[in-house]
Amino acid sequence: MWIILFTTTTFCFSMSRAGDFCENVLKECRDSDPSWIGCYEDRIMTCKPRGRSMTGIKQLKVDSLQEVDVSPTFEHRVQIPSSALQESIGNVSEVDVLVVASVINSSYFKLSPPQRSRTPQIHRRNGKVFRDSAVCVRAGNRAVENLLQPITLTFKHNKEVESGTCVFWKETSAKDGTGYWSNEGCDTNYTAHEFICSCNHLSFFAVLVNPGISVTKADADKLNYITYIGSGLSAPFALISLFIYIYLHRRHPEKSISLHMQLTVAMFCLHLTFLLSSLLAQLLKEKEDGSSCLVLGLVLHWSLLATMTWSALEGFHLYLLLIRVFNIYVRRYLLKLSLIGWGFPTLVAAVCGISRVYGKYTLKYSNSNLTQHMCWMSNESEQKLLVVSYITTVAFPFLVVVFNACMLGLVVFKMLELRRGDRSFGSSSDWKKINKERKKRLWKDCVTVLGLSCVLGLPWGLASTTYVSLAGIYIFTVLNSLQGVFIFLWSVAMAWSKSQPENNSSIRDSSSQKMMTTSFNSRN
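In this text the structure is predicted, and so the values were computed from the model without any measurement.

How should the overall build of the protein be read in this particular structure?
Each helix and strand counted, the protein has 13 helices and 15 strands in total. Going through the 524 residues of the protein one by one, you find that 44% of them count as buried. For the protein, long-range pairs separated by at least 24 residues make up 73% of all intrachain contacts whose partners lie at least 6 apart in sequence.

Written as structure tokens, this is what we have:
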């Protein structure tokens with residue numbers, strides 16, 4: 001009987017102490033109270049880790065006069081300055097202070113809906129929690145906030161994300177366990193292998209990243225087909241457009257046509273070398289990086305730069321025609337534009353070639369194991385790739401698109417002015433005929449604006465949509481792979497416009513025609 005009583009007592013005592021282990025604290029706090037944050041913060045300071053090598057939580061008794069460095073896991077590191085430790089114990093004369101750092105799954109945090117009140121959540125941030133991990137940092141028995149010397153948290157990464165934001169969990173006043181991620185009091189630094197967070201308080205911390213767009217194998221195959229078919233059409237259509245421009249230039253030696261010719265040549269080279277570089281990269285073995293791939297990567301980069309440069313020069317030409325109408329004679333105008341249009345890409349490509357930037361490039365789709373190979377800039381030179389690709393494929397195209405978008409807006413403004421100044425439009429007494437002519441001219445204006453958009457390279461601006469949704473990737477791929485076809489349609493429209501009689505007002509429209517056949521009347 002005494003044995004049974006002793007066994008029962010021991011079992012009950014063991015059960016009552018089970019909750020003292022740190023691995024049970026989170027579950028018990030969530031089961032007992034929806035607002036489990038306070039319970040967890042209190043009990044994590046007094047619980048006992050099960051075993052000395054328990055991962056995910058570290059409890060240290062440290063000297064409050066010294067900085068503490070604790071790593072709850074291999075991927076997380078917390079550095080707390082001595083000033084924060086001293087504030088955590090207040091005016092207590094004790095020197096030692098208990099520091100706890102634990103890592104928990106972010107799915108336990110329940111997001112509250114955005115509030116519309118007089119005090120909006122201006123520091124609220126949305127996104128996916130990096131690796132679904134949040135770090136809880138506690139010290140002493142007092143709340144620590146508004147630190148002059150911040151604590152530092154380090155989250156290691158394997159370059160699977162390009163950027164992130166350091167945040168902490170802030171509960172709402174509803175006391176129902178809901179809250180949101182806020183970046184108030186936290187600064188973010190991003191390195192090649194780490195997120196470094198500097199925060200002026202102790203709390204639950206995490207890194208929010210923009211969720212990558214998931215591209216399935218079926219979507220990747222469709223995008224490849226669209227790209228190859230589009231570029232396969234654009235290359236020959238661009239070549240046909242070149243012959244049309246040559247024919248037009250012989251009949252009407254205008255500088256606008258000469259600029260279109262240069263842009264068409266650059267676009268033809270771009271689509272042709274893209275097809276060749278993709279084909280060659282697929283034929284090469286996994287780790288093979290031949291000299292032919294290096295050359296194609298150089299030519300592809302040069303063609304892209306030339307296309308963007310000539311698009312910018314098209315916008316500059318529009319600026320001179322529409323703004324500086326008088327005194328616009330420039331000596332050897334086409335020669336100077338050619339030096340810029342072909343010289344700048346050649347110089348950049350030569351410098352990159354000497355620096356050995358080019359080679360086989362492997363594109364990895366976000367949130368998938370799918371890869372795509374092409375001859376471009378080699379992945380082996382990561383630092384050079386980052387700098388060169390940012391300057392020449394992000395910053396430079398961005399400036400070109402912004403400048404040309406302003407020029408297109410100016411064109412639309414001028415067309416509206418010409419519409420208002422066209423007195424002959426309202427001379428007819430037949431209102432049906434007026435409406436018909438109005439619709440016809442509106443259609444011509446829309447076609448002119450769309451054509452100029454392609455000439456000015458504005459479809460490249462849709463690259464930003466590829467970070468928003470899968471539909472954005474499809475739209476960007478379709479429009480940019482068919483640029484050669486759009487240039488061909490523009491050349492046909494110009495040829496048709498040039499073939500019409502000058503005095504046929506029923507066919508030729510003043511505003512659209514002026515914008516479509518913009519030309520420099522000055523000679524070389």
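It is not clear to me how the sheet that holds strand 2 (residues 68–73) should be interpreted in this structure. Could you clarify?
Backbone hydrogen bonds hold the strands of a sheet together, and the pairing may be parallel or antiparallel. If you walk across this open sheet you meet the five strands as 2-3-8-12-11, and the pairing is antiparallel. Of all strands in the sheet, those with a lone pairing partner are strand 2 and strand 11 (186–190), marking the two edges. Neighbour to neighbour, the strand axes of the sheet diverge by 20° on average, direction disregarded.

Sorry if this is basic, but what is going on with the UniProt feature "transmembrane region" (unreviewed entry) in the protein here?
When the UniProt feature table is mapped onto this chain, "transmembrane region" (unreviewed entry) is found at residues 225–248, 260–280, 300–322, 334–358, 387–413, 442–461 and 473–496. For residues 225–248, the end-to-end C-alpha separation is 34 Å, with 100% helix and 0% strand making up the annotated structure. As annotated, residues 334–358 has a helix share of 84% and a strand share of 4%, and its two end C-alpha atoms lie 31 Å apart.

Could you clarify how one ought to interpret the packing of helix 6 (residues 255–283) against helix 7 (residues 291–322) in this entry?
Packed helices, taken two at a time, are described by their axes: the angle between them and the distance between them. Two numbers describe how helix 6 lies on helix 7: the axes approach to 8 Å, and their chain directions differ by 155°. Put simply, helix 6 runs roughly antiparallel to helix 7. Read as a crossing pair, helix 6 and helix 7 show a hand that is left-handed. Counted by class, the contact of helix 6 with helix 7 contains 19 nonpolar, ten polar and two charged residues.

Explanation requested: the packing of aromatic side chains in the structure shown.
One pair of aromatic rings is described through two measures. These are the centre distance and the angle between the planes. This model, assessed by the stated rule, comprises 15 aromatic pairs. Ring centres of Phe130 and Phe195 lie 5.4 Å apart, and the angle between their planes is 70°; this geometry places the pair in the edge-to-face category. Residue Phe130 is found in the loop between strand 6 (128–129) and strand 7 (133–139), and its partner Phe195 is found in strand 12 (residues 194–199); the two are separated by 65 residues along the sequence. Linked through ring pairs, Trp36, Tyr40, Phe109, Trp169, Trp181 and Phe204 together constitute an aromatic cluster.

Where do I start with the nonpolar core in this structure?
Buried together is how nonpolar side chains tend to be arranged in soluble globular proteins. The biggest cluster of nonpolar side chains holds 54 residues, and the ones touching the most others in it are Tyr245, Trp310, Trp376 and Trp460. At eleven residues, the largest contribution of residues to this core is made by helix 7. Filtering out sequence-adjacent residues up to four positions away, Trp376 remains in contact with Gly297, Leu300, His301, Leu304, Tyr358, Gly359, Tyr361 and Thr393. Judged by nonpolar contacts, the second largest core, of 32 residues, contains Ile80, Ala84, Val144 and Cys199.

Sorry if this is basic, but what is going on with the side chain of Ser198 here?
Here Ser198 is to be found in strand 12. Non-local contacts of Ser198, meaning those with residues more than four positions away in its chain, are made with Pro150, Ile151, Thr152, Gly185, Cys186 and Asp187.

Can you walk me through unusual backbone geometry in this structure?
With glycine set apart, most residues show a phi of negative sign, and most peptide bonds adopt trans. Although it is not a glycine, Asp132 adopts a positive phi angle of roughly 55°. Along the chain, the position of Asp132 falls in the loop between strand 6 and strand 7. The class of Asp132 is partly exposed, set by a relative accessible area of 36%. A positive phi angle is found at Arg356, which is not glycine, with a value near 55°. Along the chain, the position of Arg356 falls in the loop between helix 8 (333–354) and strand 14 (358–364). For Arg356, a relative accessible area of 65% puts it in the exposed group.

I'm lost on the packing of helix 5 (residues 217–251) against helix 12 (residues 483–499) in this one. Help?
Their axes nearest at 7 Å, the elements helix 5 and helix 12 cross at an angle of 25°. Here helix 5 is positioned roughly parallel relative to helix 12, judged by the angle of their axes. The crossing of helix 5 and helix 12 is left-handed. Here helix 5 contributes Leu233, Ser234, Phe237, Ala238, Ile240, Ser241, Ile244, Tyr245 and Leu248 to the contact with helix 12, which in turn contributes Gln483, Gly484, Val485, Ile487, Phe488, Trp490, Ser491, Val492, Met494, Ala495 and Lys498.

Looking at this model, I keep getting lost on the confidence of the model for the protein. Mind explaining?
Caution is warranted with low-pLDDT regions, since their predicted coordinates should not be read in detail. Scored by pLDDT, the protein has a mean of 81; 79% of the residues are at 70 or more. The low-confidence segment residues 517–524, where pLDDT is below 50, has 24 contacts with residues more than four positions distant or belonging to other chains.

I keep staring at a nonpolar patch on the surface and nothing clicks. Help me out?
A cluster of nonpolar side chains, Val387, Tyr390, Ile391 and Val394, forms an exposed patch at the surface whose accessible area comes to about 380 Å². The class of Val387 is partly exposed, set by a relative accessible area of 42%.

Which parts of the structure should I look at to understand the pattern of salt bridges?
A side chain with one charge can pair with a side chain of the opposite charge if their charged atoms come near. On inspection of all chains with the given rule, the structure shows seven salt bridges. Here Glu254 ties to Lys498 by a salt bridge, and the two come within 2.8 Å at their closest N and O atoms. Here the residue Glu254 occupies a position in the loop between helix 5 and helix 6, and Lys498 occupies one in helix 12, the gap between them amounting to 244 residues. For the pair Glu254 and Lys498, one class covers both residues: buried.

Conventions adopted
- Residues numbered from 1 in each chain as written.
- Predicted model: local features only at pLDDT ≥ 70, side-chain atom pairs only at ≥ 80, totals over all residues.
- Heavy atoms only, no water.
- Helix = DSSP H or I, 4+ residues; strand = E, 2+ residues; numbered from the N terminus.
- Buried < 20%, exposed > 50% of the residue type's maximum accessible area, 1.4 Å probe, protein only.
- Contact = heavy atoms within 4.5 Å.
- Pairing = 2+ DSSP bridges.
- Axes fitted to C-alpha atoms, helices over the stretch in contact; angles between N-to-C directions.
- UniProt positions renumbered as here; feature names shortened; annotations may be inferred.
- Parallel < 35°, antiparallel > 145°, perpendicular 65-115°, else oblique.
- Left-handed = near helix turned anticlockwise from the far one by under 90°.
- Nonpolar A, V, L, I, M, F, W, Y, C, P; charged D, E, K, R; others polar.
- Phe/Tyr/Trp six-rings, centres within 6.5 Å; stacked < 30°, edge-to-face > 60°.
- Core = buried A, V, L, I, M, F, W, Y, C linked by side-chain atoms within 4.5 Å.
- pLDDT = per-residue confidence, 0-100.
- Patch = residues over 30% accessible without salt bridge, like charges linked within 9 Å, V, L, I, M, F, W, Y side chains within 5 Å.
- Areas by Shrake-Rupley, 256 points an atom, 1.4 Å probe, with all protein chains shown as cover.
- Salt bridge = Lys/Arg side-chain N within 4 Å of Asp/Glu carboxyl O.

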